[in-house]
Amino acid sequence: GASNIPPKWYTQEYSDIGWSSGFSGFGFGDEDDATVVSQTNSIFIRKSFNIDSVEDIHAVMLHIDYDDGFLADLNGGEIARAFLGIEGEEVLYDEFATESHEAQIYQGGKPDGYMIRDLESLLGSGE
C-alpha cells in the first residue's frame, strides 16, 4: 500500500487483474514470511473461494495471524479488525495501528479467532 487503493477493492465486483499474488503470510524483515514484500505501512490482500451450497454453512470463523493491526471484509462487509480505528470507519493506506501486536504462529502460538456474524447477508453460493 504505497497510495490510496481504489474504492470498493474489497467487493466481489472489483477486478484485481494486475495485482501481484503470493503465498500467505505476507511481510518483510523478519524471515518468517512466505511472500516477502518491500517495507510498507500496509498490505491489501484479496482471497477468492467457492461455496457449493450456502445453506450448508452454519458458522464461519476467521483465524488471522498478524503484526500490529488488520481490517477484514467479506464480500464488502466488515467482519473483524484489530487496532485500526472504529468498526465501520474507513482505514487509510498510510494509517498506523494504534498498538503493537506480534504474530504468534512462528513463535509456536495460535492465531486470533473471530466468529463471523450476519452470514446470510455476507455469503452466497458460488465464488
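Residues numbered from 1 in each chain as written. Predicted model: local features only at pLDDT ≥ 70, side-chain atom pairs only at ≥ 80, totals over all residues. Heavy atoms only, no water.

Undergrad: Would you explain the nonpolar core in this entry?
TA: Across soluble globular proteins, nonpolar side chains have a tendency to be buried as a group. Membership of the largest hydrophobic core comes to 13 residues, with the highest contact counts inside it found for Tyr 66, Phe 70, Leu 74, Ile 79, Ile 116, Leu 122 and Leu 123. Taken together, the elements giving at least two residues each to this core come down to strand 4 (70-74), strand 5 (77-82) and helix 1 (119-122). Setting aside residues up to four positions removed in sequence, Ile 79 forms contacts with Leu 62, Ala 72, Asp 73, Leu 74, Ile 116 and Leu 122. (Core = buried A, V, L, I, M, F, W, Y, C linked by side-chain atoms within 4.5 Å. Buried < 20%, exposed > 50% of the residue type's maximum accessible area, 1.4 Å probe, protein only. Helix = DSSP H or I, 4+ residues; strand = E, 2+ residues; numbered from the N terminus. Contact = heavy atoms within 4.5 Å.)

Undergrad: Just checking my understanding: could you explain the environment of Asp 112 for this structure?
TA: One can find Asp 112 in strand 6 (residues 112-115). Between the C-alpha atoms of Asp 112 and Tyr 93, which are 19 residues apart in sequence, the distance is 23 Å. Those residues in contact with Asp 112 that sit more than four places away from it in its chain are Leu 62, His 63, Ile 64, Tyr 66 and His 101. Among the polar contacts made by the side chain of Asp 112, one reaches the side chain of Tyr 66 at a distance of 3.0 Å. (Polar contact = N/O pair within 3.5 Å; in protein donor to acceptor, adjacent residues only side chain to side chain.)

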